[in-house]
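Structural features, examined
What follows is the residue order along each chain.
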Amino acid sequence: MSDRLPGTRTGAARLGRTVAAVVVLCALPFYLDAFWLRIGLFSMAAAVGAVGLGLLSGTAGQLSLGHAFFLAVGAYGYVWLAGEPGPGLPTAVAAVLAVLLAGAAGGLFSPVAGRVRGVYLGVATLALVFLGHHVLLTADSVTGGFNGRSVPPLELGGFSFSADSELTLLGVPFGAEERLWYLGLALFALTWFTARGLLRGRPGRALVALRDSETAAAVMGVDVSRYRSAAFVVSSMYAGLAGVMIALSFRRVVPDYFGLVLSVDYLAMIVIGGLGSVAGATAGAVFVTALPLLMTRYADQLPLVAAPGTTGGTVGPTEAARYLYGAAIVLILLFAPDGLHGLVRRLRARLRRRPAPRPTATTSPTPSPAPSARAKEPTP
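What you are looking at is a predicted structure, and each value in this text was computed from that prediction instead of being measured.

**With respect to the pattern of salt bridges**
Applying the stated rule across the entire model yields 7 salt bridges. Between Glu 177 and Arg 38 there is a salt bridge; the shortest N-O distance is 3.3 Å. Highlighted residues: Glu 177 in helix α7 (residues 176-200) and Arg 38 in helix α2 (residues 34-59), separated in sequence by 139 residues. Judged by its relative accessible area of 10%, Glu 177 is buried. Here Arg 211 makes a salt bridge to Asp 212, at a shortest N to O gap of 3.4 Å. Arg 211 gets classed as partly exposed once you look at its relative accessible area, which sits at 38%. Residues participating in the shared-partner salt-bridge network are Arg 38, Glu 177 and Arg 251.

Rendered as structure tokens:
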């Protein structure tokens, strides 16, 4: 019984921290204004996409520069399926089908992902971004062209995640941001637990073995092509869900948002947070997403940063944010290759190994015995 007490205490402490975090996150809409809630919504959407890319690049070891393409498939798939022109499906059904559509797009590309690896796979996925951007600009009847399309608000059981209907809880008016906050929390929690379950199960161990050595993984019975293709499909579905969340948060989708820069941003998220870690991908997503928004808001208080709409010799907040997290990538690669998650893990391990202070002595020390007298030599 005593052998299981430390593990029981650790599990109880972990459960307590989880419950406390959930309570705090659920209470935030009652205290934060719309700006901070938007940052949270964008960060949660980015975290879902970053977790998917982390499974593909960090766990399976496949370089992908086409994540923005699958985000666009999810976002525009939802808009077209739920809007007009389009089938006009119920928004909940359209959201699910948009995620499946992104997974189908990943499945169509999976034969390439199953046979190509490394830089060659990165170049192949890079072609998806340019191809998708061209389609978004030219397929006006579906995508709305350069100006994009407005996003139909999501409805579940007659409840609308928009500000069209009045809703007040505990004296706090709940608009679109407050309502979408809880939807984003639910979807992020679903992503968190499914991804962690996948990594801790047999598929996760197979993907790690595949990343470390394809030859060794094949010897152990891992179907290399199958698992690489499956990782690409799962990553695409997470990206599709992130695209739906981004569309609902922005309320309008435009082609220029889903470009190469967005794919690079997602690579920065998983590198800064830590490859192969769900918590690390989340931390990196929050950092990369929130930094430009915060610098835009406080640009007039920051040195060398120009406020939006002004001209001068300084840089804009978006460019300054990219310089900062570019520098963060360099520092991470030099001093913490396993990212923020690995850095926090090492700090925790160091604190646990720190020796306890020795108790001070309360009794007087025992006097050392006096040296024995040397025998006197006889006088000659």
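Text resumes after the structure shown.
**Quick notes on a positive patch on the surface**
A cluster of like positive charges, contributed by Arg 14, Arg 17, Arg 200, Arg 348 and Arg 352, occupies part of the molecular surface. Elements supplying a minimum of two residues to the positive patch: α1 (5-27) and α14 (339-353). On the secondary structure map, Arg 14 appears in helix α1.

**Overview of the side chain of Glu 178**
With respect to the helices and strands, Glu 178 occurs in helix α7. The side chain of Glu 178 sits in the buried core without any salt bridge; Arg 179 is the nearest counter-charge, 6.8 Å away. In this view, Glu 178 contacts Pro 29, Leu 37 and Pro 173; residues no more than four positions away in its chain are not counted.

**Some details on the packing of aromatic side chains**
Each aromatic ring pair is summarised here by two numbers: the centre-to-centre distance and the angle between the ring planes. Within the structure shown, the criterion is met by 12 aromatic pairs. Seen in terms of ring centroids, Phe 109 and Phe 232 are 5.2 Å apart; in terms of plane orientation they differ by 35°. Their pairing is tilted. With a gap of 123 residues between them, Phe 109 in helix α4 (residues 91-115) and Phe 232 in helix α10 (residues 224-250) connect regions that are remote in the sequence. You'll find Phe 109 and Phe 232 in the same group, each marked buried. Here the aromatic cluster, defined as three or more aromatic residues joined through ring pairs, consists of Phe 42, Tyr 76, Phe 250, Tyr 257 and Phe 258. For the cation-ring pair, Arg 297 lies above Phe 35, with the distance from its terminal atom to the ring centre recorded as 4.3 Å.

**Examining unusual backbone geometry**
Glycine aside, residues mostly have negative phi angles, and peptide bonds mostly take the trans form. Cis geometry marks the peptide bond from Glu 84 to Pro 85; its omega dihedral reads 0°. Positionally, Pro 85 belongs in the loop between α3 (67-82) and α4. Phi at Arg 251 takes a positive value of approximately 70°, unusual for a residue other than glycine. Along the chain, the position of Arg 251 falls in the loop between α10 and β6 (252-253).

**Some points on the confidence of the model for the protein chain**
Mean pLDDT for the protein chain: 85, with 89% of residues reaching 70 or above. Mean pLDDT values for the elements of the protein chain range from 74 in strand β4 (residues 168-169) up to 95 in α3. Confidence over residues 370-380 falls short of pLDDT 50; this stretch has 0 contacts with residues more than four positions distant or in other chains.

**Structural notes on helix α13 (residues 317-335)**
With 19 residues, α13 should reach 27 Å at 1.5 Å per residue; the first-to-last C-alpha distance of 27 Å fits that figure. All buried positions along α13 are accounted for by Pro 317, Ala 320, Ala 321, Tyr 325, Ala 328 and Ile 332. Along the axis of α13, the buried residues cluster in a sector spanning 125°; they form a single face. In α13, the exposed positions angled more than 90 degrees off the buried face are occupied by Tyr 323, Leu 333 and Leu 334. The secondary structure elements touched by the buried residues of α13 are α11 (260-273), α12 (278-297) and α14.

**A few points about a nonpolar patch on the surface**
Residues Val 93, Val 96, Leu 97, Leu 100 and Met 237 make up a contiguous nonpolar surface patch of about 390 Å² in total accessible area. Of note, Leu 97 is situated in helix α4.

**Topic: the packing of α2 against α7**
Interaxial distance between α2 and α7 falls to 10 Å at its minimum, and their mutual angle equals 20°. Here α2 is positioned roughly parallel relative to α7, judged by the angle of their axes. Seen along the crossing, α2 lies across α7 with a hand that is left-handed. Together, Ala 34, Leu 37, Arg 38, Gly 40, Leu 41, Met 44, Ala 47, Val 48, Val 51, Leu 55 and Thr 59 of α2 and Glu 177, Glu 178, Leu 180, Trp 181, Gly 184, Leu 185, Phe 188, Thr 191, Ala 195, Leu 198 and Leu 199 of α7 make up the contact between the two elements. Looking at the contact of α2 with α7 residue by residue, the classes come out as 15 nonpolar, 4 polar and 3 charged.

About the criteria used
Residues numbered from 1 in each chain as written. Predicted model: local features only at pLDDT ≥ 70, side-chain atom pairs only at ≥ 80, totals over all residues. Heavy atoms only, no water. Salt bridge = Lys/Arg side-chain N within 4 Å of Asp/Glu carboxyl O. Helix = DSSP H or I, 4+ residues; strand = E, 2+ residues; numbered from the N terminus. Buried < 20%, exposed > 50% of the residue type's maximum accessible area, 1.4 Å probe, protein only. Patch = residues over 30% accessible without salt bridge, like charges linked within 9 Å, V, L, I, M, F, W, Y side chains within 5 Å. Areas by Shrake-Rupley, 256 points an atom, 1.4 Å probe, with all protein chains shown as cover. Lys, Arg positive; Asp, Glu negative; His and termini not counted. Charge placed at Lys NZ, Arg CZ, Asp CG, Glu CD. Contact = heavy atoms within 4.5 Å. Phe/Tyr/Trp six-rings, centres within 6.5 Å; stacked < 30°, edge-to-face > 60°. Lys NZ or Arg CZ within 6 Å of the ring centre and 35° of its normal. pLDDT = per-residue confidence, 0-100. Expected span 1.5 Å × (residues − 1). Arc of directions from axis to C-beta. Axes fitted to C-alpha atoms, helices over the stretch in contact; angles between N-to-C directions. Parallel < 35°, antiparallel > 145°, perpendicular 65-115°, else oblique. Left-handed = near helix turned anticlockwise from the far one by under 90°. Nonpolar A, V, L, I, M, F, W, Y, C, P; charged D, E, K, R; others polar.

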